[in-house]
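Breakdown of the fold
Each chain is listed here by its residues.
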Amino acid sequence: MTLLASLSYPSHNHAATPTPDLSLLISVSSTRLETVFPLLFSLQASGPGLQEPLQLGELDITSDEYILDEVDVHIQANLEDELVKEALKTGVDLRHYSKQVELELQQIEQKSIRDYIQESENIASLHNQITACDAVLERMEQMLGAFQSDLSSISSEIRTLQEQSGAMNIRLRNRQAVRGKLGELVDGLVVPSALVMAILEAPVTEPRFLEQLQELDAKAAAVREQEARGTAACADVRGVLDRLRVKAVAKIREFILQKIYSFRKPMTNYQIPQTALLKYRFFYQFLLGNERATAKEIRDEYVETLSKIYLSYYRSYLGRLMKVQYEEVAEKDDLMGVEDTAKKGFFSKPSLRSRNTIFTLGTRGSVISPTELEAPILVPHTAQRGEQRYPFEALFRSQHYALLDNSCREYLFICEFFVVSGPAAHDLFHAVMGRTLSMTLKHLESYLTDCYDAIAVFLCIHIVLRFRNIAAKRDVPALDRYWEQVLALLWPRFEMILEMNVQSVRSTDPQRLGGLDTRPHYITRRYAEFSSALVSINQTIPNERTMQLLGQLQVEVENFVLRVAAEFSSRKEQLVFLINNYDMMLGVLMERAADDSKEVESFQQLLNARTQEFIEELLSPPFGGLVAFVKEAEALIERGQAERLRGEEARVTQLIRGFGSSWKSSVESLSQDVMRSFTNFRNGTSIIQGALTQLIQLYHRFHRVLSQPQLRALPARAELINIHHLMVELKKHKPNF
């Protein structure tokens with residue numbers, strides 16, 4: 001059966017069936033088309049390459065079973081169609097309409113079949129291509145399978161190679177580690193020819209000798225280490241290294257000893273070759289590690305040489321330095337309380353161009369100033385040519401600054417060159433400088449035995465304290481013990497001299513001092529200069545023991561002043577003497593000591609008390625009656641007995657008229673008396689001002705007493721001087737200096 005025949009519709013015998021059968025046929029026709037058209041569309045999409053005829057197989061689209069199964073569904077669906085509903089409503093002839101539809105469907109079917117027959121070649125070609133593609137894909141599948149099998153085998157081989165590579169890496173690292181250790185061992189044992197040539201032939205001053213010496217030291221240390229581990233190869237090089245070591249030690253020993261011997265040449269600045277030795281400090285380190293006997297020999301030779309050099313230098317320097325000291329120095333009788341006679345006086349004109357004073361500081365305190373403390377040392381022969389003389393503290397400063405500077409240099413050199421520190425460095429330093437330090441201490445002890453200059457000793461104490469701080473800043477503790485020994489000599493001597501002065505003032509008899517006057521006494525002036533000197537020095541580095549000794553001296557001086565004042569017959573002279581001495585001591589102390597120091601405060605209180613007492617004593621002769629009346633009247637008023645003033649009218653009248661007639665002359669006489677009595681014009685002016693102020697206050701109090709009802713009607717009140725007028729007049733008597 002052909003395709004067209006198979007797709008033919010049923011016979012027209014069915015046309016006689018009733019109307020529902022026609023609807024069924026329309027539905028069946030539509031169903032057939034819906035079944036056939038997708039197949040045809042799929043064939044058309046296969047393309048023009050299709051060459052073989054379409055095989056429909058056992059397809060049967062005329063089966064009644066297929067139609068009846070879905071007939072009910074199609075009938076219901078077709079009846080709901082809008083077009084069918086419209087046809088049924090309008091009464092269209094369904095047979096005619098069915099034929100028309102069937103005809104149109106046949107035409108469309110025929111047209112579609114023709115179109116697909118025209119494309120049959122393309123469909124056949126497409127079929128062939130698909131077949132060819134299937135073959136190609138099959139071959140690809142076979143190849144990929146082969147590739148998968150090959151990859152499986154390669155993966156196993158890679159794992160094997162990785163395992164082999166890891167094992168080889170481990171063996172390589174082990175061999176490299178062994179090679180490194182063996183290389184270090186061999187390098188440490190092999191003696192290169194450059195090392196041999198440098199040690200045997202090169203001068204020790206050449207850089208290559210030092211480089212090869214360091215290499216030799218390293219190889220010797222490596223050989224000793226390997227020998228301790230039992231390395232047999234060390235025996236092959238031990239002999240060579242020993243011969244090179246012996247040669248190097250001999251050359252180094254000769255070189256260093258020559259340098260040390262060069263220190264001994266006269267007029268040689270030993271510091272230059274000493275500094276040059278620092279460039280070759282590794283030489284001693286080599287000897288210390290390889291030939292300790294030679295190292296000890298060099299160290300002992302250095303200690304012996306430098307010890308003698310320092311001792312000789314400082315002994316000579318001290319001897320020449322003491323020749324430029326002041327010829328006139330304090331002796332045991334030059335104490336504060338010793339009488340000032342014509343034969344020997346502390347303040348007489350010095351016989352030398354510049355004389356070392358005993359109790360006056362002057363410019364001596366500059367020796368502890370920062371600029372002078374570290375100034376260049378004194379050169380004795382230069383000072384002798386210039387006929388210059390210096391106090392002991394200046395010589396002490398120069399001597400100990402040289403000692404400090406050289407000791408610091410020596411200590412640092414010892415630590416660096418001989419590779420020592422701590423107690424070992426201290427021991428070696430004292431082996432070099434011990435004899436010099438002992439000689440210096442003996443010289444100081446000998447000098448202090450006959451020294452009675454307390455200011456010089458006190459300045460030396462502060463010089464030592466400052467030098468000790470400088471040594472600490474330079475990190476040189478080797479001199480700490482020496483500083484303590486020096487202070488142990490200076491402090492007792494200073495305290496002894498101070499106690500001698502205290503005792504001299506305590507034992508001074510005013511009656512043996514000869515003629516006395518109200519001017520400041522020379523003993524109090526000595527004390528003022530001496531105390532201000534010590535206080536100003538002690539302010540920089542305070543010391544409580546010094547303040548205690550000065551306090552004892554101050555008490556004795558105050559007692560001495562009172563004893564001398566008691567020698568005057570009148571109280572007024574006594575007060576003038578006390579005020580003059582207190583004022584002088586206070587003025588000298590305030591020039592150097594702080595205003596809040598104990599000494600200044602103490603003498604200020606004494607001066608104020610004696611000044612007030614003197615003013616009262618000064619006002620007593622001319623205005624004593626007025627003072628007595630005012631005090632008595634104020635006492636009566638305070639006790640409520642003012643009525644008793646009525647009996648004092650005559651006395652009051654006499655006081656008013658007496659004051660009015662004599663106050664000007666009394667004030668003039670008072671001023672002249674004060675200016676004659678006091679050597680310090682400023683102090684005299686202050687006393688006059690105080691006296692006039694007290695006089696005004698007294699007269700003002702007198703006015704208030706006369707204003708009491710009991711004396712208010714006194715006729716003499718009209719003769720009272722106006723208080724403001726009195727103040728104006730008294731200002732005219734104020735001295736100006």
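Residues numbered from 1 in each chain as written. Predicted model: local features only at pLDDT ≥ 70, side-chain atom pairs only at ≥ 80, totals over all residues. Heavy atoms only, no water.

**Some points on the overall build of the protein**
Looking only at helices and strands, the protein has 26 helices and zero strands in total. Burial status across the protein gives 40% buried among its 737 residues. A separation of at least 24 residues holds for 80% of the contacts in the protein among residues at least 6 apart in sequence. For the protein, the accessible area works out to roughly 40,900 Å², and carbon and sulfur atoms hold 53% of it. (Helix = DSSP H or I, 4+ residues; strand = E, 2+ residues; numbered from the N terminus. Buried < 20%, exposed > 50% of the residue type's maximum accessible area, 1.4 Å probe, protein only. Contact = heavy atoms within 4.5 Å. Areas by Shrake-Rupley, 256 points an atom, 1.4 Å probe, with all protein chains shown as cover.)

**Examining the state of the cysteines**
Tallied over the entire structure, the rule returns zero disulfides. With no disulfide of its own, Cys 451 lies closest to Cys 460 among cysteine sulfurs, the gap being 7.6 Å. By relative accessible area, Cys 451 is classed as buried at 4%. (Disulfide = S-S within 2.5 Å.)

**With respect to the packing of helix α16 (residues 392-417) against helix α17 (residues 423-449)**
One way to put it is that α16 packs onto α17 with a least axis distance of 10 Å and a crossing angle of 170°. By the angle class used here, α16 and α17 are roughly antiparallel. Contacts between α16 and α17 involve Phe 392, Phe 396, Gln 399, His 400, Leu 403, Ser 407, Glu 410, Tyr 411, Ile 414 and Cys 415 from the first element and Ala 425, His 426, Leu 428, Phe 429, Val 432, Met 433, Thr 436, Leu 437, Thr 440, Leu 444 and Tyr 447 from the second. Considering only residue class, the contact of α16 with α17 consists of 14 nonpolar, six polar and one charged. (Axes fitted to C-alpha atoms, helices over the stretch in contact; angles between N-to-C directions. Parallel < 35°, antiparallel > 145°, perpendicular 65-115°, else oblique. Nonpolar A, V, L, I, M, F, W, Y, C, P; charged D, E, K, R; others polar.)

**Details of unusual backbone geometry**
Positive phi is not limited to glycine here, since Glu 387 has a value of about 55°. Tracing the backbone through its elements, the reader meets Glu 387 in the loop between α15 (380-385) and α16. On the accessibility criterion, Glu 387 (55% relative accessible area) is exposed. Even without glycine at this site, Asp 475 takes up a positive phi of about 60°. Residue placement: Asp 475 occurs in the loop between α18 (454-473) and α19 (480-506). Residue Asp 475 is classed as exposed on the basis of its relative accessible area, which comes to 60%.

**A short note on helix α25 (residues 681-706)**
Look at α25: 37 Å from first C-alpha to last across 26 residues, which is about the 38 Å you get at 1.5 Å a residue. A distance of 3.1 Å separates the backbone nitrogen of Arg 682 from a side-chain oxygen at the start of α25, and that oxygen is part of Asn 680. (Expected span 1.5 Å × (residues − 1). Polar contact = N/O pair within 3.5 Å; in protein donor to acceptor, adjacent residues only side chain to side chain.)

**Some points on the side chain of Glu 729**
Here Glu 729 is to be found in helix α26 (residues 723-731). Residues within four places of Glu 729 in sequence aside, it is in contact with Trp 663 and Lys 664.

**A few points about the pattern of salt bridges**
If charged atoms from side chains of opposite charge come close, those side chains can pair. A full pass over the atoms with the stated rule returns 26 salt bridges. Among the ionic pairs, Lys 296 bridges to Asp 300, the shortest N-O distance being 2.8 Å. Within this pair, Lys 296 and its partner Asp 300 are both found in helix α13 (residues 292-321), separated by four residues, close to a single helical turn. Its relative accessible area of 46% is what places Lys 296 among the partly exposed residues. (Salt bridge = Lys/Arg side-chain N within 4 Å of Asp/Glu carboxyl O.)

**Notes on a nonpolar patch on the surface**
The grouping of Val 136, Met 140, Met 143, Leu 144 and Phe 147 at the surface amounts to a nonpolar patch, some 460 Å² of accessible area in total. With respect to the helices and strands, the residue Leu 144 is situated in helix α7 (residues 120-189). Classification of Leu 144 as exposed rests on a relative accessible area of 51%. (Patch = residues over 30% accessible without salt bridge, like charges linked within 9 Å, V, L, I, M, F, W, Y side chains within 5 Å.)

**So, the nonpolar core**
By size, the foremost hydrophobic cluster in this structure holds 175 residues, and its most contacted members are Leu 490, Phe 494 and Phe 702. Phe 494 has contacts with Ala 454, Val 457, Phe 458, Ile 461, Leu 534, Thr 546 and Leu 549, leaving out every residue within four places of it along the chain. Within the second largest apolar cluster, eight residues are counted, among which are Val 324, Leu 378, Tyr 390 and Leu 395. (Core = buried A, V, L, I, M, F, W, Y, C linked by side-chain atoms within 4.5 Å.)

**So, the confidence of the model for the protein**
Chain-level pLDDT for the protein is 82 on average; 85% of the residues reach the 70-or-more range. Taken together, the stretch residues 1-61 has pLDDT below 50 and engages in 91 contacts with residues farther than four places along the chain or on a different chain. (pLDDT = per-residue confidence, 0-100.)

**Description of the packing of helix α20 (residues 522-538) against helix α22 (residues 571-592)**
Packing of α20 against α22 brings their axes to within 8 Å, and their N-to-C directions diverge by 25°. Between α20 and α22, the angle is such that the two are roughly parallel. At the point where α20 passes α22, the crossing takes the right-handed sense. Only Asn 581, Met 584, Met 585, Val 588, Leu 589 and Arg 592 of α22 make contact with α20, whose side of the interface consists of Thr 524, Arg 525, Tyr 527, Ala 528, Glu 529, Ser 531, Ser 532, Ala 533 and Ser 536. In terms of residue class, the contact of α20 with α22 is made up of seven nonpolar, five polar and three charged. (Left-handed = near helix turned anticlockwise from the far one by under 90°.)

**Details of the packing of aromatic side chains**
Summed over all chains, the structure comprises 33 aromatic pairs. Measuring from centroid to centroid gives 5.4 Å for Phe 568 and Phe 577, while their planes differ by 40°, and the two rings are tilted. Ring geometry for Phe 659 versus Trp 663: centroids 6.4 Å apart, planes at 15°, classification stacked. Taken together, the residues Phe 659 and Trp 663, both in helix α24 (residues 649-677) and four residues apart, mark about one turn of the helix. Like Phe 659, the residue Trp 663 is buried in the burial classification. Here a set of aromatic residues connected by ring pairs shows up, and it is made of Phe 263, Tyr 284, Tyr 302, Phe 413, Phe 417 and Phe 418. In this structure, Arg 493 is placed above the aromatic ring of Tyr 452, and the distance from its NZ or CZ to the ring centre is 4.9 Å. (Phe/Tyr/Trp six-rings, centres within 6.5 Å; stacked < 30°, edge-to-face > 60°. Lys NZ or Arg CZ within 6 Å of the ring centre and 35° of its normal.)

**Looking at the side chain of Asp 673**
Tracing the backbone shows Asp 673 in helix α24. With a relative accessible area of 16%, Asp 673 lands in the buried category. Not counting the four nearest positions on each side in its chain, Asp 673 is found in contact with Lys 572 and Leu 618.

**Side note on the environment of Val 329**
By the element assignment, Val 329 lies in the loop between α13 and α14 (370-373). A C-alpha to C-alpha distance of 8.6 Å links Val 329 and Pro 391, two positions 62 residues apart in sequence.

**Side note on the environment of Glu 634**
By the secondary structure assignment, Glu 634 is in helix α23 (residues 598-639). Counting along the chain gives 68 residues from Glu 634 to Phe 702, while the straight-line C-alpha distance between them is 9.3 Å. What Glu 634 contacts, discounting residues up to four positions off in sequence, is Arg 701, Arg 704 and Val 705.

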